[in-house]
Amino acid sequence: MKMDLAACRKVVITATKFSRQRKHTRFLDIMFASSSLLWLFVTSWIVFRSQPTPQFTYVTSTGLDIKSALKNPGNFKLDSPNAPSCDCMLNQSTVSFTLALQLSADRMWMLPHHCKRWGKNPISAVILSDNDATTMKERAVSAGCMEEYLTVQVVKKSKYDPKGTEYPVNILRNLALSAVNTSHVVYADIDFWPASNLYSTLSHANVKERLLLDPHLATVIPAFQMERQCEKVKDCRDENIPRMPTDRASLFELLKTRDAAFFDFRNYGGHGSTKYHTWKDQEEGTLVDLPCILSNRYEPYLAVRYCKDLPPFQEGFKGYGKNKMSWVMQLRRRGYIFSQLGGTFLIHYPHLHSKARKEFDYKSKSVHHKSLKPKIRNETLQQGRFLGMNEYHQPLGGGKTKIKDHLSNNQRARVDKLFLLFRRWMELFVKDEARTPICEDAQNDDHLLVASDYQGA
């Protein structure tokens, strides 16, 4: 017999009083060869022998403390053990959403903009800061957030990431999820601001009905980016903030003047599976299932049911690179179906690159953009032309330009090595129940990996 959501939460709370570290029993019947075990052990030891050991403890939503999670980055998890059961009964009145955010202290100024756009609805924010949670919440409230709707947690920056290059992004994401008390969660990074109608669009009766019928529905929220509104390489907030679109009309004005495009359009795999060329005509509150995924690097922002079956973000991924795409890969393999939401969006604020991004991109030779051009489907070309780009994913009217393929072989190869370990783990332990398949002509992303050149760190 199914329990309602409130009863499920009581069970979860009672259980976690006795054990914060649940044993995962799923897939114990899977037997694998001793060579696979040896491969996983040796590879994990080689890659992670020099990982930093933090000096603090904070329980994450995977049931591990941060110290353990970072010391053993290859300890991948199947689900969210402290979340309610997916068998809990819901009805339209109990379907609600929390906006889950992670951020560094220097982007704290963005939080009130999320509060304003999200309205009188719950927000769970985790901040990497040396200030305490009470102080950070007071700052947010004084800047316009409503205290009763805002939950703030803090992880100490000086105890883990004093240089700003090993940002524990997935630990922060999992902590944000762990504070969710609604049936569903919308995950976004702090630099992706929601349209002012995002909550109301998710609350459409037909969207709620679909979410009720399928606890493994991953609702894709299309993401766009706005160009910096000043020529100098700086964070020109006074020029940027007034232009950040709040609705479709203001977004389309920016698209017409080529001051906006779909997010990270030069990275074909990242958001290319989202059907931007049909989204422009998609009615608000409608859902369109994606027929297939064009790349394993697909990493959309999603609204999902917060329940035990939801895979956590794998906490070994930190800094920049593959921290979100690995989550989406696991969602797809677990049987989540990806459906695109019409009439609303997220918009990326045009900030300068973070230290973690610079570390990931640091120093290498310049290469011609054309040499990196992947095989592009006609459908993707149509999306690009709708947003003012040519077949090189460059703005129309511009010539071919050179871009720097800045690679730090140590940092990037370490991430790629962890990714290969994660992918092998999924093959062994996560049953392939995919309902949204990989496209037949999907891009082979393995040629982008630099792990084969890894020389250790």
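Quick caveat: nothing in here was measured; it's all calculated off a predicted structure.

Caption draft 1: Quick look at the side chain of Arg332. By secondary structure assignment, the location of Arg332 is in helix α13 (residues 325-333). Residue contacts for Arg332: discarding those within four places in its chain leaves Ile293, Phe338, Glu433, Ala434, Arg435, Thr436, Pro437 and Ile438.

Caption draft 2: Local environment of a negative patch on the surface. A contiguous patch of negative charge, built from Asp132, Glu138, Glu147 and Glu148, is present on the exposed surface. Along the chain, the position of Glu148 falls in the loop between α5 (133-142) and β3 (150-155). On the basis of relative accessibility, which here comes to 61%, the residue Glu148 falls in the exposed class.

Caption draft 3: Highlighting the nonpolar core. Counting residues in hydrophobic clusters, the biggest one holds 90 residues, and the most contacted among them are Leu111, Trp118, Val186 and Phe224. Ranked by residues supplied to this core, first place goes to helix α6 (residues 169-178) with six residues. What Val186 contacts, discounting residues up to four positions off in sequence, is Phe97, Thr98, Leu99, Ala100, Trp118, Leu198, Leu202, Ile221, Leu302 and Ala303. Within the second largest apolar cluster, 14 residues are counted, among which are Phe76, Met325, Phe422 and Met426.

Caption draft 4: Local environment of the packing of aromatic side chains. On inspection of all chains with the given rule, the structure shows 22 aromatic pairs. Where Phe76 meets Trp425, the ring centres are 5.5 Å apart and the plane angle is 50°; that geometry is what we call tilted. Of this pair, Phe76 sits in the loop between α3 (66-71) and β1 (97-104) while Trp425 sits in helix α16 (residues 409-429); the two residues are 349 residues apart in sequence, bridging distant segments of the chain. Trp425 shares its class with Phe76; the two are buried. Where Phe224 meets Phe345, the ring centres are 6.2 Å apart and the plane angle is 85°; that geometry is what we call edge-to-face. With Phe224 in strand β7 (residues 223-226) and Phe345 in the loop between β11 (337-341) and β12 (346-348), the pair connects residues that are 121 residues apart, well separated along the chain. Owing to a relative accessible area of 0%, Phe224 belongs among the buried residues under this scheme. Note on Phe345: relative accessible area 0%, which makes it buried. Site record: aromatic cluster; members linked through ring pairs are Tyr187, Phe192, Phe263, Tyr301, Phe313 and Trp327. One cation-aromatic arrangement involves Lys322 over Phe419; the distance from NZ or CZ to the ring centre is 5.8 Å.

Caption draft 5: Local environment of the environment of Lys120. Mapped onto the secondary structure, Lys120 falls in the loop between α4 (111-118) and β2 (123-128). In this structure the C-alpha to C-alpha distance between Lys120 and Glu148, which are 28 residues apart in sequence, comes to 8.9 Å. Here Lys120 is in contact with Met146 and Tyr149, once residues within four sequence places are set aside.

Cut-offs used in this document
- Residues numbered from 1 in each chain as written.
- Predicted model: local features only at pLDDT ≥ 70, side-chain atom pairs only at ≥ 80, totals over all residues.
- Heavy atoms only, no water.
- Helix = DSSP H or I, 4+ residues; strand = E, 2+ residues; numbered from the N terminus.
- Contact = heavy atoms within 4.5 Å.
- Patch = residues over 30% accessible without salt bridge, like charges linked within 9 Å, V, L, I, M, F, W, Y side chains within 5 Å.
- Areas by Shrake-Rupley, 256 points an atom, 1.4 Å probe, with all protein chains shown as cover.
- Salt bridge = Lys/Arg side-chain N within 4 Å of Asp/Glu carboxyl O.
- Lys, Arg positive; Asp, Glu negative; His and termini not counted.
- Charge placed at Lys NZ, Arg CZ, Asp CG, Glu CD.
- Buried < 20%, exposed > 50% of the residue type's maximum accessible area, 1.4 Å probe, protein only.
- Core = buried A, V, L, I, M, F, W, Y, C linked by side-chain atoms within 4.5 Å.
- Phe/Tyr/Trp six-rings, centres within 6.5 Å; stacked < 30°, edge-to-face > 60°.
- Lys NZ or Arg CZ within 6 Å of the ring centre and 35° of its normal.

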